[in-house]
Amino acid sequence: MLGTKLLLPFLVLSGPPVTDLKFCEVNIHVRHHGANDDVLVRIWLPSERKDWNGRFQATGGGGFATSLGFVGLAPALMQGYAAVSTDGGHDEWSWLSLEWLMKPDRTIDWALWQNIVERSLVEQILIGKDIVEQYYGDKPHHSYWNGCSQGGRQGYLMAQKYPHLLDGIMAAAPALDLISITMGGFWPQFVMKNEGTYVSNCEFEFFAKRLMNECDMLDGFVDGVIMEPDACPFNPETLISHTFDCHGQNVKVTSSMANVVRKIIQGPHTPLGTQLGPGLSPGSNYAIIANISTTPSSTHTQNPIALPASAHWSWALTTLSTDLTALRDAGTKLLSWHGMADEIIPYQHTLTYRQRIEREMSQVDEVYRLFLAPGVGHCAGGSGPLPTNPLAALVNWVEEGEAPEVLDAVVTTARWEVLERQVYAKKKENWKCVSGTSGGNGDYRNELREQVMGLASWMPSWGGWRG
């Protein structure tokens, strides 16, 4: 397919059209015994051997799609990879729908479910590598996974169960716990229904601006990025009785409105106060999942996020095993990053998983590194430093043995200036006891304070990417 021009969907990969791709496309159809499926495995190979970098890349999906098709393949091909994707036997553009999972009699097609959960992910790698070897006469010298969201979850699954098939796994914003994610997606609607108050997108924007005004300077810089969301002391109740304009209408903040915002930030919990999952981080775009539109007559209309079916089957997509011994034994590296303003999958899910791994696995940093990008949304977007090429950092780690301490990133300012920045790794915390006579001056408290600050150095180090 020579001189092909592809216009990639903006939400997944922004930028100019991808042009002049010269590649060979191989389509393999796979059917499984006892299943009425037809799974497409698509391999793109640079046409000429000189244009192949010798590497293989398996691409992940997004939403409820097993793959992103050419959206994942085209960037890989541009970088010289032989790349593979699979549709899992269903429409690969059905990112937000699970209609493909239903048989004509409206029962679940468990064979297709098994494909997206695990089976097709493994098969695309095995088939893809075989085609690469047949085409070039050589096996790829290194193999990688690259995905975000659903693709991130798939990457973590490969790390947990099949790391021997890959040398490196880049998995961003992983949907590790779909049950909790689904609950969080509905939480704003639940809160507003219980409060009997539906806060519009315009009204949320007022709260968001006041929140940013209060917490933006916590790191000493005014840049529209909240570096440490958990440290933000914003209390929406202080805005009760304030008035502001929404589309020409004068709006007054009520205690019920403030309560809605407070509970959405706090996140879902039981009536007894037990936390069930993280809320939306300060700095996130609340309109994404709250999404209340208004009419000129001030009628408020709900537009909930499209997750109605996932709660029933999301247990099958839960990817929370903390056993990474196979990853360690295979010598495979897992590099992950997550935006701290992610409004779809709050970054705390990935951070909590990483903390569990730290408690159960020694020397975790040798095989698994997590980077948190403040102010960045789901896989992209936001006002913070967006990692530009985390896969390149992973390749350097795998092939040169240089574990990344930072990821190169860029920030686009309000004036459309592109500034180079860096995002730092979340490292394993190592505690040690401190003697009361340490340092000879008896002030062990200062030494302990210095050690604690050292353990959390990845957070103040964010300042290192300031220009």
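No experiment lies behind these values; they were computed from the predicted model shown. (Residues numbered from 1 in each chain as written. Predicted model: local features only at pLDDT ≥ 70, side-chain atom pairs only at ≥ 80, totals over all residues. Heavy atoms only, no water.)

A. Layout of the nonpolar core. Core analysis: the largest hydrophobic core is formed by 36 residues, its most contacted members being L45, I125, W145, M158, I169, L334 and Y368. Elements supplying a minimum of two residues to this core: β3 (23–30), β4 (39–46), β5 (55–59), β6 (82–86), α2 (110–136), α3 (150–161), β8 (168–172) and α9 (348–360). With 6 residues, the single largest contributor to this core is α2. If near-sequence neighbours (up to four positions away) are discounted, I169 is found in contact with W145, G155, M158, A159, T332, K333, L334, L335 and L394. (Core = buried A, V, L, I, M, F, W, Y, C linked by side-chain atoms within 4.5 Å. Buried < 20%, exposed > 50% of the residue type's maximum accessible area, 1.4 Å probe, protein only. Helix = DSSP H or I, 4+ residues; strand = E, 2+ residues; numbered from the N terminus. Contact = heavy atoms within 4.5 Å.)

B. Region of the structure containing the sheet that holds β4. Spatially, 11 strands are ordered β3-β4-β6-β5-β7-β8-β13-β14-β17-β16-β15 in an open sheet, and the strand pairing comes out mixed. Sheet topology places β3 and β15 (386–387) at the edges, where each strand pairs with a single neighbour. Bridge count for strand β14 (residues 368–373) against strand β17 (residues 418–426) is 2 bridges, and the pairing is antiparallel. Residue F371 lies in a different strand from β17, and its bridge partner there is A425. Packed onto the sheet, helix α1 (residues 70–78) meets β3, β4, β5 and β6 and runs at close to 20 degrees relative to β4. Packing of α9 onto the sheet brings it into contact with β13 (333–339), β14 and β17, and relative to β14 it is tilted by some 150 degrees. (Pairing = 2+ DSSP bridges. Axes fitted to C-alpha atoms, helices over the stretch in contact; angles between N-to-C directions.)

C. Expanded view of the pairing of strand β10 (residues 249–252). Pairing geometry for strand β9 (residues 243–246) and β10, over 4 bridges, is antiparallel. If you follow C246 over to β10, its bridge partner there is Q249. What sits between the antiparallel neighbours β9 and β10 is a turn of 2 residues, in which H247 has the positive phi angle 55 degrees.

D. Representation of the state of the cysteines within the structure. On inspection of all chains with the given rule, the structure shows 3 disulfides. C202 shares a disulfide with C246; S-S distance 2.0 Å. Residues C202 and C246 are joined through a disulfide that is left-handed, its torsion about the S-S bond being -110 degrees. Residue C202 is located in helix α5 (residues 201–215), and its partner C246 is located in strand β9; the two are separated by 44 residues in the primary sequence. Judged by relative accessible area, which is 6%, C246 ranks as buried. Paired by a disulfide, C215 and C232 hold their sulfur atoms 1.9 Å apart. Its S-S torsion of about 70 degrees marks the bond between C215 and C232 as right-handed, since a negative value means left-handed. Placement of the pair is C215 in helix α5 and C232 in the loop between α5 and β9, with a sequence separation of 17 residues. Given the relative accessible area of 1%, C215 is considered buried. Numbered in order of appearance, the disulfide-bonded cysteines of the chain are paired 1-6, 2-5, 3-4. (Disulfide = S-S within 2.5 Å.)

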